[in-house]
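# Fold and contact review
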Amino acid sequence: MEENHKPATSSSFKKGDDKEESSEVEKPEKETKSEQSQSQDIDDKEKEERAGIKHTLQKSYDDIETFLSKLESDAEAPDIPDFVHKYVDLVEKKLSKHEPLFHDDGSFLKVVDQISRLYKQLSDSDKAPLINRIGQIQQQAMCYLEDEFRSLLEEPDLKQEVVADQHGEDQSTLDQSKEESNFSGYSYQVIPKLNKIAKEMIFGGYESECCEAYMVTRRNIIDETLNKLGYEKISIDEAQKMQWEALEKNIPPWIKAFKQCTKVYFSNECRLVETVFSGYPSLSTNLFSNIVRGVFLQLLNFVEAVATIKRSTEKLFKFLDIYDTLRDNLSSLDGVLPKWAEELRNEMTTTRCRIGEMAIFIFCDLENAIKSDTEKTPVPGGAVHPLTRYTMNYLKYACDEYKETIEKVFKDHSKIERANSTNKPRSYEGDSEKNKYDDENQSPFVGQVLRILDLLDSALEAKSKLYKDIALSCIFMMNNGRYMLQKIKSSAEIHQAMKDTWCRKTSSDLRNYHQTYKRETWMKLLGCLNVEGLNVNGKVVKPVLKERFKSFNAMFDDIHRTQSLWVVNDKQLQSELRVSISAIVIPAYRSFLARFSGYLDPGRQTEKYIKFQPEDIETFIDDLFDGNSGSMSRKKP
């Protein structure tokens, strides 16, 4: 017989090995078989014991059911049968083995339910030792259920939450996957287990333990989920100590977290708690209230923290982003929060109002920024002032990107007091009533924009007086006015809001500055070409003629040298100025030259007094307003 049971390693031995070696190899095989036999006997014994326990528990379960029915129907408590004590022993033994709590047949939950009923029915009897023992068994069973409940809650089925492109799924597959699991990541296999445990714990008198486990676990999971979105809790004290750049980075994650909560997480949380605690509407409502209230107030606290920081104009647009988020997601929240959540709605409305008022204060602070610019050094070359660039780009961006939001903010919150703000925009005068701004139809936001533009215009007029040369101050005002006008016209939103009134008034101002510039510069130059005093008794007085040419040359040379350094960046304005100058100077100079150049002796005298030909004048005019210190002698042909 032994020859038929060779060890697994016998094929590794060579022929000719002695019997002693073979015997030594076979010996441990016998010992192993003996050990295996003993182990098998133990396993069979345990199986028999378990089968016996199961068989006995099943039989005892039926007996206990009959006994409980009698207890529930009889007014007087009957005597305790012996099988009750045996049943308690069997249940205690089963619990001591720490077996898995869930089986397909749900036998464990049935036993726990029976123990809870037995404890309730016997609690008023005089069997104190038995009651205490059953109570201890029930407590142990409930601890197991609580651990299992918490464990199932702590491990949502994340496979239901993966995005499509991580597994190459198309959108329809992803939508179907989400439709199959709308319980915050828990599968349909887990939900019934949670529901059964919750019902059993509540029935057994462990409602508070069950609710505490659910609330703490779900709140931690939501916090972890928000953290993965980049959202961090920031208190008011922390916000006030942070640099704006650091705090600003936390606003987009907050916006994402708030939208996810109001549109996805809260509705899923509502469905989850109602399903897990089905049959207990009051309980599920309170749980949902406590969980959502904590998360929601935490999100609003972040906004409150942001609202406490020091105001400055560059922070406006982040405030408007927050305002948009609070406003746009209110309807989503209304669909989730029941009637008892009026407190949260009020909190959200209060926070939104505070952010709206802060946004108005910040926007109105643009007035203070203009007033506080007291720089007394004129901008070189009469170029566009940095204050003009900042203000107009700020207004353009506000209107292009946030016009709807900011108009809503001003409409809803414009009744707040504004310190140091101009009361009325400037008056626009024209030839008809249509050219006057209609204050009755003016929106609060447009009114504020007009106040800012009026204040900027006044500030620029004051700064233009820093130039000693009136012509240069006119160039400065034309540069800034044209820049403002172009920014308004390039923004469809702000241009529409202004209704062309401001643009017409500004264009008229630009024409006036243009005329003043020509009068202060080129009309004075044309005075050198005045024919008055050149003829005496019908003859041209050559000394006077020479002086006229000499004065013209000197003045034109000075104008070219000076105004070549002046700056007009707007190509259209630059071209308009050059064309208008040429139209004034070149015809007058050509006519004067044709009429009087013959009175000068050819050669040396002509070269001395006639330095420019009309073509030269046109070339030098084209050099103006480039901001370059060009040499006339170098550019002259």
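Please refer to the structure higher up on the page.
Residues numbered from 1 in each chain as written. Predicted model: local features only at pLDDT ≥ 70, side-chain atom pairs only at ≥ 80, totals over all residues. Heavy atoms only, no water.

This brings us to the packing of aromatic side chains. Applying the stated criterion across every chain yields a total of 28 aromatic pairs. Here the aromatic residues Phe-317, Phe-363, Tyr-390, Tyr-394, Tyr-397, Tyr-402, Phe-410 and Phe-445 are joined through ring pairs into a cluster of three or more. (Phe/Tyr/Trp six-rings, centres within 6.5 Å; stacked < 30°, edge-to-face > 60°.)

Bringing unusual backbone geometry into the picture now. With a phi angle near 70°, Phe-625 is a residue other than glycine that sits in the positive phi range. In this structure, Phe-625 sits in the loop between helix H23 (614-621) and helix H24 (632-635). Overall, Phe-625 belongs to the buried group, its relative accessible area being 1%. (Helix = DSSP H or I, 4+ residues; strand = E, 2+ residues; numbered from the N terminus. Buried < 20%, exposed > 50% of the residue type's maximum accessible area, 1.4 Å probe, protein only.)

This brings us to the nonpolar core. If you look at the biggest cluster of nonpolar residues, it comprises 173 residues, and the most contacted ones within it are Phe-149, Tyr-214, Trp-254, Phe-277, Phe-363 and Tyr-517. Element by element, the count of residues in this core is highest for helix H11 (residues 281-307), at 15 residues. Setting aside its immediate chain neighbours within four residues, Phe-149 contacts Leu-194, Ile-197, Ala-198, Cys-210, Ala-213, Tyr-214, Val-276 and Phe-277. (Core = buried A, V, L, I, M, F, W, Y, C linked by side-chain atoms within 4.5 Å. Contact = heavy atoms within 4.5 Å.)

Turning to the pattern of salt bridges, a few remarks are in order. Inspection of every chain in the model, using the stated rule, returns 21 salt bridges. Taking the shortest distance from any N to any O, the salt bridge between Lys-403 and Glu-407 comes out at 3.3 Å. Here Lys-403 pairs with Glu-407, and both are found in helix H15 (residues 386-413), just 4 residues apart, close to one helical turn. Take Glu-407: its relative accessible area is 26%, and that puts it in the partly exposed class. Here Asp-509 makes a salt bridge to Lys-505, at a shortest N to O gap of 2.9 Å. Taken as a pair, Asp-509 and Lys-505 lie in helix H19 (residues 501-526) at a separation of 4 residues, close to a single helical turn. Using a relative accessible area of 18% as the deciding quantity, one classes Asp-509 as buried. A network of salt bridges, in which partner residues are shared, links Arg-219, Asp-223 and Lys-233. (Salt bridge = Lys/Arg side-chain N within 4 Å of Asp/Glu carboxyl O.)

Attention shifts here to the environment of Leu-573. Examined against the element boundaries, Leu-573 turns out to sit in helix H21 (residues 571-596). Residue class for Leu-573 comes out buried when judged on its relative accessible area of 4%. Apart from residues no more than four positions distant in its own chain, Leu-573 is found in contact with Met-478, Asn-479, Arg-482 and Val-568.

Another aspect to go through is helix H2 (residues 82-96). Its 15 residues place the ends of H2 22 Å apart at the C-alpha level, agreeing with the 21 Å of an ideal helix rising 1.5 Å per residue. Among the residues of H2, those classed as buried are Val-84, Tyr-87, Val-88, Leu-90, Val-91, Lys-94 and Leu-95. The buried residues of H2 occupy one face: seen down the axis, they fall within an arc of 165°. Of the residues in H2, the exposed ones pointing more than 90 degrees away from the buried face are Asp-82 and Lys-86. (Expected span 1.5 Å × (residues − 1). Arc of directions from axis to C-beta.)

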